[in-house]
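Given next are the chains, with one letter for each unit.
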Amino acid sequence: MVKIVGIGGSLRPGSYSQLALKIAAGRAQALGAEVEILDLRSLNLPFCDGENDYHDYPDVEKLRNGVKQADGLILATPEYHGSVSGALKNALDLMSFEHLDGKVAGAISVLGGQVNSNALNDLRTILRWVHAWVIPEQIAIGQAWKAGSALKERIERIKLTSKKSRHLEL
Ligand SMILES: Cc1cc2nc3c(=O)[nH]c(=O)nc-3n(C[C@H](O)[C@H](O)[C@H](O)COP(=O)(O)O)c2cc1C
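Residues numbered from 1 in each chain as written. Predicted model: local features only at pLDDT ≥ 70, side-chain atom pairs only at ≥ 80, totals over all residues.

(A) A look at the overall build of the chain. Each helix and strand in the chain was counted, giving 7 helices and 6 strands. Looking at the chain residue by residue over its 170 residues, the buried ones come to 35%. Summarising the internal contacts of the chain: among those between residues at least 6 apart in sequence, 77% fall at separations of at least 24. (Helix = DSSP H or I, 4+ residues; strand = E, 2+ residues; numbered from the N terminus. Buried ≥ 20, exposed ≤ 12 C-beta atoms within 10 Å, placed from the backbone. Contact = placed C-beta atoms within 7 Å.)

(B) Quick look at the site of the ligand. Close contacts around the ligand come from 16 residues, with Ser 10, Ser 17, Pro 78, Gly 112 and Gly 113 the closest. No other element matches helix α1 (residues 16-30), which puts 3 residues into the shell around the ligand. (Near = placed C-beta within 6 Å.)

(C) Summary view of the environment of Asp 56. You can see Asp 56 is positioned in the loop between β2 (34-37) and α2 (58-69). With 8 C-beta atoms counted inside 10 Å, the residue Asp 56 sits in the exposed group. Residues Asp 56 and Pro 46 lie 10 residues apart in sequence; the distance between their C-alpha atoms is 9.0 Å.

(D) Region of interest: unusual backbone geometry. Phi angles above zero are rare outside glycine, and His 81 is one such case at about 45 degrees. Residues other than glycine seldom take positive phi values, yet Gln 143 does so here, at roughly 45 degrees. With respect to the element layout, Gln 143 can be found in the loop between β5 (133-141) and α6 (144-147).

(E) Region of the structure containing the nonpolar core. By size, the foremost hydrophobic cluster in this structure holds 41 residues, and its most contacted members are Ala 20, Leu 73, Ile 74, Leu 75, Ala 91, Ile 108 and Val 110. Listing elements by their share of this core, those giving two or more residues are β1 (3-8), α1, α2, β3 (72-78), α3 (86-93), β4 (104-110), α5 (118-129) and β5. Ranked by residues supplied to this core, first place goes to α1 with 6 residues. Ignoring anything within four residues of it in the chain, the contact list for Ile 74 reads Ile 4, Gly 6, Leu 21, Ala 24, Ala 25, Ala 28 and Gly 106. (Core = buried A, V, L, I, M, F, W, Y, C linked by C-beta atoms within 7 Å.)

Next comes the structure, spelled out in structure tokens:
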């Protein structure tokens, strides 16, 4: 069975990007994948200091092992100051080629303003650097604060297999 790990880049309790990730994870599960969400809000992770060992933070290994064992990733980031959130970037910085090389990755960005690809483009650059394969399809959800319960409906409209819509603006 294909194993997918989902990581959301917001630590906010009512996070829309975590909600979007949950919905996308549900879609992947419905397609037959085993999906695990590694919730950064419940992991105790340090800032990456460039060293390899974080003995005081066992959750670093939990994150690394979860990702290493996965075939693919779904990463959902809020757009913060025109880019990927620091929390998600830090989680990715805590890993290396050993964990991320060869993973197939899908990306979602959620933002307060008008839809754009800024965070998605930066996420692609980061993932390319660690030799992950980012799929052409991507999802950007603008003005998330307006979405409320409609967010689920908006995400469910996505046809993951659609070749025409490689960039979905919701
Ligand atoms: C530090 C910070 C920076 C932000 N920068 C942007 C931004 O550059 N563009 C934008 O459209 N929204 C920006 N926002 C709004 C968030 O993208 C928006 O509130 C989003 O819903 C947050 O994701 P979450 O709901 O998963 O927490 C920013 C919010 C914060 C807290």
